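Chain residues, written in single-letter form:
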Amino acid sequence: MTNPISDPAAPLAADPTREPARWDGLFGLLAAMDREIEQVYERSGATGMRSRFVLPIIRLAHEGPMTISELAASLGRTHSAISQTVAAMRREGLVASESGTDRRSQVLTLTDRAHALLPLLEAERRATNAVVADLDDEVGGGVVALTAALTQALERRSMTQRLDDRLSGLAGSGS
């Protein structure tokens, strides 16, 4: 039997996207919650505002201009993710940038529009944290407990290690 991992010409098995994954519900729920948060912005007149913009805006407001790398490190995100977020924020008129000292880096600053939205964004962030705490209490601390348990499990063996183990088992089963 051939294996698609070791042999790209091997026939494909059934489409794995047709099988529900255990975390589909969680991702769907988080996406729905994000959409509801964004409805708060829309009702408040903050058109084009996305929940992924909130932390960068608040951080820049409190800590001042930063490069994309500095902002990414400050938020514990990847450079790539923050770079994409900043590009979207720039399109919405929330950040401006100028060349940094080495000309390859961009120093980000908030626009007047972002500063005007800051009270709403900080209030929403605090309210969202309180609502999530209420939800966690309502379900008996399950959100915090699940997050802690998953974090501990992944500290014991990373997602990469777990994937490598599964994929090496698949690659060894072919031919």
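Residues numbered from 1 in each chain as written. Predicted model: local features only at pLDDT ≥ 70, side-chain atom pairs only at ≥ 80, totals over all residues. Heavy atoms only, no water.

Visitor: So what exactly am I meant to see when it comes to the nonpolar core here?
Guide: Across soluble globular proteins, nonpolar side chains have a tendency to be buried as a group. Ranked by internal contacts, the top residues of the largest apolar core, which has 26 residues, are Met-49, Ile-57, Leu-71 and Leu-94. Where this core is concerned, the elements lending two or more residues are helix 1 (24-43), helix 2 (51-63), helix 3 (68-75), helix 4 (79-91), strand 3 (106-110) and helix 5 (112-138). Counting residues per element, this core draws most heavily on helix 2, at five residues. (Core = buried A, V, L, I, M, F, W, Y, C linked by side-chain atoms within 4.5 Å. Buried < 20%, exposed > 50% of the residue type's maximum accessible area, 1.4 Å probe, protein only. Helix = DSSP H or I, 4+ residues; strand = E, 2+ residues; numbered from the N terminus.)

Visitor: Is there a simple way to think about the pairing of strand 2 (residues 95-99) in this case?
Guide: Side-chain positions along a regular strand alternate between the two faces of the sheet. Here strand 2 pairs with strand 3 via five bridges, running antiparallel. Within strand 3, the residue paired with Glu-98 across the bridge is Val-107. Counted along the chain from strand 2 to the antiparallel partner strand 3, the turn is six residues long, and its residue Arg-103 has a positive phi close to 65°. (Pairing = 2+ DSSP bridges.)

Visitor: Even after reading the chapter, I still don't get the environment of Met-33, so can you show me in this structure?
Guide: Position of Met-33 relative to the elements: it lies in helix 1. Non-local contacts of Met-33, meaning those with residues more than four positions away in its chain, are made with Val-132 and Leu-135. (Contact = heavy atoms within 4.5 Å.)

Visitor: Sorry if this is basic, but what is going on with the side chain of Glu-38 here?
Guide: Along the chain, the position of Glu-38 falls in helix 1. Note on Glu-38: relative accessible area 19%, which makes it buried.

Visitor: Where do I start with the sheet that holds strand 1 (residues 66-67) in this structure?
Guide: Hydrogen bonds between backbone groups are what pair the strands of a sheet, and the pairing can be parallel or antiparallel. As summarised here, the arrangement of the three strands in space is 1-3-2, forming an open sheet in which the pairing is antiparallel. Single-partner strands in this sheet number two, and they are strand 1 and strand 2. The sheet contact formed by strand 1 and strand 3 spans two bridges and is antiparallel. Across the sheet, residue Thr-67 finds its bridge partner in strand 3, namely Val-107. Against the sheet, helix 2 contacts strand 1, strand 2 and strand 3, and its axis sits at roughly 90° relative to strand 3. (Axes fitted to C-alpha atoms, helices over the stretch in contact; angles between N-to-C directions.)

Visitor: Before we go on, may I ask you to explain the side chain of Thr-67 in this structure?
Guide: Relative to the helices and strands, Thr-67 resides in strand 1. Ignoring any residue separated from it by four or fewer positions in sequence, one finds Thr-67 in contact with Ser-105, Gln-106, Val-107 and Leu-108.

Visitor: I'm lost on helix 5 in this one. Help?
Guide: An α-helix turns once every 3.6 residues. As a result, residues three or four positions apart point the same way. Here helix 5 spans 39 Å end to end across 27 residues, near enough to the 39 Å set by a 1.5 Å rise per residue. Of all the bends in helix 5, the largest measures some 45° and sits at Leu-118, one to four residues before the proline Pro-119. The set of residues buried in helix 5 consists of Ala-114, Leu-117, Leu-118, Leu-121, Glu-122, Glu-124 and Asp-136. Packing partners of the buried residues in helix 5 comprise helix 1, helix 2, strand 3 and helix 6 (142-156). (Expected span 1.5 Å × (residues − 1). Bend = angle between axes of the 7 residues up to and from the residue.)

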